[in-house]
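If you want the building blocks of each chain, they are given just below.
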Amino acid sequence: MVYNVFEIFKSIQGEGVDTGKVVTFVRLAGCNLACHFCDTQLVGYKLMTEGEIVEQVGAFACKNVVITGGEPTIQMEELTSLCMLLAASGLFVTIETNGSNEIDPLLVDLVIVSPKCFEDAEKWIEQAQLKKSNVRFKWVCNSENINSIMQWCLDNRIAEPFFMPMGTTIEETMMNA
């Protein structure tokens, strides 16, 4: 299988439940949304086979891998295969998604849903409310939406949501922090 890959790199997770952990990021290219605050480039990806991806991830010798985007679920058929290969290699696999497309949470160790609208978030409520759920919400917020997002999380009994300030520049991010 072939994937549209923007980049693969090792870094420290700076968001959500795994903040501070060393992870290898696999950033897949493409997205089904066009958010004005997105920090991911839309051009410049390369085609890679899953074997090439697994080899490059393995070269970083890191037990945690985060598949992110863009929106990784727009390559869902391929994504299922890649997740299974990475898990078979003994890696802890996380997918970061905007939540607009369905994915079986049992496919990976952790699903981070970063919805851009409540309609997409509602698809995940039941799964997120399970006692041993591997689904977590991460919201990108600013002063205009933080109160409605927090109320939505309270109304839907979402345990441990994560919030991050919206911004494509340091100045904008600090303004929304």
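What counts as what
- Residues numbered from 1 in each chain as written.
- Predicted model: local features only at pLDDT ≥ 70, side-chain atom pairs only at ≥ 80, totals over all residues.
- Heavy atoms only, no water.
- Helix = DSSP H or I, 4+ residues; strand = E, 2+ residues; numbered from the N terminus.
- Rg over C-alpha atoms; globule rule 2.2 N^0.38 Å.
- Buried < 20%, exposed > 50% of the residue type's maximum accessible area, 1.4 Å probe, protein only.
- Contact = heavy atoms within 4.5 Å.
- Areas by Shrake-Rupley, 256 points an atom, 1.4 Å probe, with all protein chains shown as cover.
- Lys, Arg positive; Asp, Glu negative; His and termini not counted.
- Charge placed at Lys NZ, Arg CZ, Asp CG, Glu CD.
- Salt bridge = Lys/Arg side-chain N within 4 Å of Asp/Glu carboxyl O.
- Polar contact = N/O pair within 3.5 Å; in protein donor to acceptor, adjacent residues only side chain to side chain.
- Axes fitted to C-alpha atoms, helices over the stretch in contact; angles between N-to-C directions.
- Left-handed = near helix turned anticlockwise from the far one by under 90°.
- pLDDT = per-residue confidence, 0-100.
- Phe/Tyr/Trp six-rings, centres within 6.5 Å; stacked < 30°, edge-to-face > 60°.
- Arc of directions from axis to C-beta.

Draft legend 1. Region of the structure containing the overall build of the protein chain. Helix and strand counts for the protein chain come out as six helices and eight strands. Along the protein chain, helices (α) and strands (β) appear in the sequence β-β-β-α-β-α-β-β-α-α-β-α-β-α when read from the amino end. By the compact-globule yardstick of 16 Å for 177 residues, the protein chain fits well, its C-alpha radius of gyration being 16 Å. If you line up the protein chain on its principal axes, its C-alpha atoms span 45 × 40 × 30 Å. By the burial criterion, 44% of the 177 residues in the protein chain qualify as buried. Taking all contacts inside the protein chain whose residues are at least 6 apart in sequence as the whole, residues at least 24 apart take part in 62%. Taken as a whole, the protein chain presents about 9600 Å² of accessible surface, with 55% of it coming from carbon and sulfur. In the protein chain, the 12 positive side-chain charges and the 23 negative ones have mean positions that sit 9 Å from each other.

Draft legend 2. Highlighting the pattern of salt bridges. One pass over the structure, following the stated rule, counts four salt bridges. Note that K138 is salt-bridged to E15, the shortest N-O span being 2.4 Å. Highlighted residues: K138 in strand β7 (residues 135–141) and E15 in the loop between β1 (2–12) and β2 (22–28), separated in sequence by 123 residues. Put simply, D120 and K123 hold a salt bridge, and the shortest N to O gap is 3.7 Å. In this structure D120 comes out as buried when scored by relative accessible area, which is 10%.

Draft legend 3. Representation of the environment of Q151 in the model. Mapped onto the elements of the fold, Q151 is located in helix α5 (residues 146–155). With relative accessibility at 40%, the residue Q151 sits in the partly exposed group. Each C-alpha atom, one on Q151 and one on V23, is 32 Å from the other, the two residues being 128 residues apart in sequence. At 2.7 Å, the side chain of Q151 and the side chain of D155 are in polar contact.

Draft legend 4. Region of interest: the packing of helix α1 (residues 50–59) against helix α2 (residues 76–88). The contact between α1 and α2 brings their axes to 10 Å, and the two run at 40 degrees. Along this stretch, α1 crosses α2, giving a crossing that reads as right-handed. Here α1 contributes E50, I53, V54 and V57 to the contact with α2, which in turn contributes E78, S81, L82, L85 and L86.

Draft legend 5. Summary view of the confidence of the model for the protein chain. In this model, the protein chain carries an average pLDDT of 89, and 97% of its residues clear a pLDDT of 70 or more. Within the protein chain, strand β4 (residues 64–68) carries the highest mean pLDDT (97), whereas helix α4 (residues 125–129) carries the lowest (80).

Draft legend 6. Focus on the packing of aromatic side chains. Scanning the model with the defined rule gives six aromatic pairs in all. Ring centres of F9 and F25 lie 5.1 Å apart, and the angle between their planes is 20 degrees; this geometry places the pair in the stacked category. Taken as a pair, F9 in strand β1 and F25 in strand β2 lie far apart in primary sequence, 16 residues in all. With a centroid separation of 5.8 Å and an interplanar angle of 50 degrees, the aromatic rings of F118 and W139 are classed as tilted. With F118 in helix α3 (residues 118–122) and W139 in strand β7, the pair connects residues that are 21 residues apart, well separated along the chain.

Draft legend 7. Here's a closer look at α5. When we look at burial in α5, the residues that qualify are I149, W152 and C153. Buried residues of α5, viewed axially, fall in a sector of 100 degrees; they line one side. Pointing more than 90 degrees away from the buried face of α5 are the exposed residues N147, L154 and D155. Looking at the buried positions of α5, the neighbouring elements they touch are α3, α4, β7 and β8 (162–165). Count one or two residues on from α5 and you reach R157, which has phi positive near 50 degrees.

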